[in-house]
Amino acid sequence: MSNFHLAKRLAALPPYLFAAIDKVKEEVRATGKDIISLGIGDPDLPTPDFIIEALHQAAKNPANHQYPSYVGMLAFRQAVADWYKERFGVSLNAADEVVALIGSKEGIAHFPMAFINPGDMALVATPNYPVYGSATNFAGGTVEYLPLTDENDFLPDLDSISSDTWKRATMIFVNYPNNPTAATAPDAFYQKLIAKAREFNVIVAHDAAYTEVYFDPAKKPRSILEFPGAKDVAIEFHSLSKTYNMTGWRIGMAVGNPQLVAGLGKIKENVDSGAFQAVQEAGVAALKHGEPYAEKYRAIYKERRDVMCAALKKAGIEHHVPEATFYIWCKTPKGFTSADFVTKVLRQTGVVVTPGNGFGTPGEGYFRISLTVPTQRLEEAVSRIVNL
Ligand SMILES: *Cc1c(COP(=O)(O)O)cnc(C)c1O
């Protein structure tokens, strides 16, 4: 018998905190109970037909059957630049300030490999999308976590970070609108972040996957690149996944500082060979013509948000009404840990929500609801929770 040992980088991964809840889910499912999953951040609505049609046409072109360019087709990068101009008023040079990604997760996961040396440190605002930390560790770096709490409006307190810490940091990961807390960031936060990053020569990696899932057109979430000086220090990761219901397609982009974009491109050149060009062509169609659809999806999520928030209020569950994302970040009732409460809800109602501590220690005492089921199912879930 062979005996293989996982590399230390895998052994060092934090324990998978959803294992216990997955087990309970299987138990509950086995009893025949109707399970409603509000656990995952994956849109339930299908990709718009015109995007599927664009893929269909592009798939028939033999030129698209060959290796793509690892940085992406110029047509896709130009469509990204045009979209950034139209949506954020941000000018990007498609040639060296945009790189196509096989989903933004791919770019986020590869980015630390380009700029983190063994022993280098990255700051990560937490609770967080887990990839920032694991990717930093995979590159040999260490992570110092910046807690996001109700008290700080789920924004890292940049002033409380010591000069010594700023000096030791190579990069900082932030994500607004935020998964899992659904928080948005005010202008002053981005301005201060850019000033600190410039002062201490720290790379800012901004994950902007949810900028198009907002509910008040007067308060559209912003790109960090809208702020003066951002291009000196920042790379922004974005994606077509959440905007156009394209999570399965694997298409996203990184934009911003050309040195940072080139560094990521260098890793990609050695790891993958880019996204299928037909998918990139469909992505061009989405970026050019997808806005009316994004508008429709926002209205659907808003309706779901309102249904869920009203029910949570009735049930006495503390939460902020989100201005963006399709998540609601809720406090567990007094006396319950995240795991206890989530397990109780699942056992008694068959509704799956995500324990907050799974996203990092400051998430303890919270749970996340995902609005990615049809409104009717959400109403069913809500009535079960209210009667809990
Ligand atoms: C969904 C998500 C992503 C990545 O999505 P891709 O499909 O890889 O583009 C990135 N960051 C956050 C916070 C997300 O929730």
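For the structure, check the block above.
Within any chain, residue numbers begin from 1 and follow the written order of that chain's sequence. Whole-chain, interface and lining totals are the exception, using all residues; otherwise, since this is a predicted model, local features are given only for residues with pLDDT of at least 70 and side-chain atom pairs are given and counted only at 80 or more. Only hydrogens and water are set aside; all other atoms, that is, all heavy atoms of the structure, feed into the side-chain values.

Participant: So, the overall build of the chain: which residues are in play, and what are the values?
Facilitator: By definition, any uninterrupted DSSP run of H or I lasting at least four residues is a helix, any uninterrupted run of E lasting at least two residues is a strand, and each is numbered from the N terminus. A count of helical and extended segments in the chain gives 14 helices and twelve strands. Along the first, second and third principal axes, the C-alpha set of the chain runs to 60 × 55 × 55 Å. For each residue, the accessible area found with a 1.4 Å probe, counting protein chains only, is set against the maximum for its type, and the residue is called buried under 20%, exposed over 50%, and partly exposed in between. Counting all 388 residues of the chain, 54% fall into the buried class. Surface accessibility of the chain: about 17200 Å² in total, with carbon and sulfur atoms responsible for 54%. In this charge count, Lys and Arg are treated as positive and Asp and Glu as negative; neither His nor the chain ends contribute. Charge positions are represented by NZ for Lys, CZ for Arg, CG for Asp and CD for Glu. Measuring between centres, the 39 positive side-chain charges of the chain sit 3 Å from its 42 negative side-chain charges. Accessible areas in this description were obtained via Shrake-Rupley with a 1.4 Å probe; residue shielding takes into account the shown protein chains only.

Participant: For the state of the cysteines, give the residues involved together with the corresponding values.
Facilitator: In plain terms, two cysteine sulfur atoms within 2.5 Å form what is called a disulfide here. Taken as a whole, this structure holds zero disulfides when the rule is applied. In this model Cys309 remains outside any disulfide bridge; the closest cysteine sulfur is found in Cys330, 7.5 Å from its own. Classification of Cys309 as buried rests on a relative accessible area of 7%.

Participant: Kindly report on the packing of helix α12 (residues 291-314) against helix α14 (residues 375-386), identifying the contributing residues and their values.
Facilitator: Fitted lines through C-alpha atoms give the axes, limited to the stretch in contact for helices. The angle between two N-to-C directions lies from 0 to 180 degrees. Where α12 contacts α14, the two axes come as close as 9 Å, and the packing angle between them is 5°. As far as their axial angle goes, α14 and α12 are roughly parallel. For the pair α12 and α14, the contacting residues are Glu303, Arg304, Val307, Met308, Ala311 and Lys314 in the first and Thr375, Leu378, Glu379, Val382 and Val386 in the second. Just so you know how the angles are binned, under 35 degrees is roughly parallel, over 145 roughly antiparallel, 65 to 115 roughly perpendicular, and the rest oblique. By definition, residues are in contact when any of their heavy atoms lie within 4.5 Å.

Participant: An account of the environment of Gly263 is needed here, citing residue identities and associated values.
Facilitator: Its location among the elements puts Gly263 in helix α10 (residues 258-271). Owing to a relative accessible area of 16%, Gly263 belongs among the buried residues under this scheme. Once you skip the residues sitting within four places of it in the chain, Gly263 turns out to touch Ala114 and Phe115.

Participant: Requested: an account of the site of the ligand, with residues and values cited.
Facilitator: Any residue with at least one heavy atom within 4 Å of a molecule or strand is counted as near it. Around the ligand there are 13 residues in total, and Asp207, Tyr210, Ser239, Ser241 and Lys242 lie nearest to it. Separating an oxygen atom of the ligand from a side-chain N or O atom of Asn179 is a distance of 2.9 Å. The fraction of the free accessible surface of the ligand (390 Å²) that becomes covered by protein chains is 94%. Its residues placed into classes, the shell around the ligand shows three nonpolar, six polar and four charged. In the analysis that follows, any N or O atom pair within 3.5 Å is treated as a polar contact, provided that within protein one partner can donate a hydrogen and the other can accept it, and provided that, for residues neighboring in sequence, both atoms belong to side chains. Gly falls in the polar group here, along with every residue not listed as nonpolar (Ala, Val, Leu, Ile, Met, Phe, Trp, Tyr, Cys, Pro) or charged (Asp, Glu, Lys, Arg).

Participant: Run through the nonpolar core, naming residues and quoting values.
Facilitator: A general feature of soluble globular proteins is that nonpolar side chains tend to end up buried together. As used in this record, nonpolar core signifies buried Ala, Val, Leu, Ile, Met, Phe, Trp, Tyr and Cys residues forming a set joined through side-chain atoms within 4.5 Å. In this structure, Leu38, Tyr84, Ile172 and Ile369 are the most contacted members of the largest nonpolar core, which totals 100 residues. The element that contributes the greatest number of residues to this core is helix α4 (residues 74-88), accounting for seven residues. In terms of domain composition, this core takes at least three residues from each of domain 1 (14-43 + 292-386) and domain 2 (49-289). Dropping the residues within four chain positions of it, Ile369 is found in contact with Leu38, Met308, Leu312, Phe326, Tyr327, Ile328, Cys330 and Val353. Domain delimitation follows an automatic or database domain assignment.

Participant: How would you summarise unusual backbone geometry if you had to cite specific residues and measurements?
Facilitator: The omega torsion across Thr126 and Pro127 is 10°, close enough to zero to call that bond cis. Within the secondary structure, Pro127 sits in the loop between β3 (121-126) and α6 (131-138). In this chain, Asn179 is followed by Pro180 through a cis amide linkage whose omega measures 15°. Take Pro180: it is sitting in the loop between β5 (169-175) and α8 (187-200). The phi dihedral of Arg250 falls on the positive side, at around 60°, and the residue is not glycine. Topologically, Arg250 is positioned in the loop between β7 (234-239) and β8 (252-256).

Participant: Tell me about the sheet that holds strand β6 (residues 203-207), and name the residues and values.
Facilitator: Two strands form a pair only when DSSP identifies at least two bridges running between them. Taken in spatial order, the seven strands make up an open sheet running β2-β8-β7-β6-β5-β3-β4, and their pairing is mixed. The sheet terminates laterally at β2 (98-101) and β4 (142-147), the two strands that pair on one side only. Across this sheet, the average inter-strand angle for adjacent strands is 20°, counted without regard to direction.

Participant: How would you summarise a nonpolar patch on the surface if you had to cite specific residues and measurements?
Facilitator: Each patch is built from salt-bridge-free residues with over 30% relative accessible area, joining like charges within 9 Å and nonpolar side chains (Val, Leu, Ile, Met, Phe, Trp, Tyr) within 5 Å. When a carboxyl oxygen of Asp or Glu lies within 4 Å of a side-chain nitrogen of Lys or Arg, that pair is called a salt bridge. A cluster of nonpolar residues, Leu6, Leu10, Leu13 and Phe138, forms a patch on the protein surface that exposes about 360 Å² of accessible area. Note on Leu6: relative accessible area 65%, which makes it exposed.

Participant: Can you break down the packing of helix α3 (residues 49-59) against helix α11 (residues 277-289) residue by residue, with the values?
Facilitator: To describe two helices that pack against each other, one gives the angle between their axes and the distance between the axes. Remark: α3 packs on α11, axes separated minimally by 8 Å, with the N-to-C direction vectors making an angle of 145°. Here the hand of the crossing between α3 and α11 comes out right-handed. Mapping the contact onto sequence places Phe50, Ile51, Ala54, Leu55, Ala58 and Ala59 in α3 and Ala278, Val279, Glu281, Ala282, Ala285, Ala286 and His289 in α11. Left-handed describes a crossing whose near helix is turned anticlockwise from the far helix by less than a right angle; the clockwise case is right-handed.

Participant: I'd like to hear about the environment of Ala197, residue by residue, with values.
Facilitator: Here Ala197 is to be found in helix α8. Put simply, Ala197 and Met171 are 26 residues apart on the chain and 8.5 Å apart in space, counted from C-alpha to C-alpha. Once residues within four sequence positions are removed from consideration, Ala197 is found in contact with Val202, Val204 and Val233.

Function cannot be inferred from these measures alone, as they are strictly geometric.
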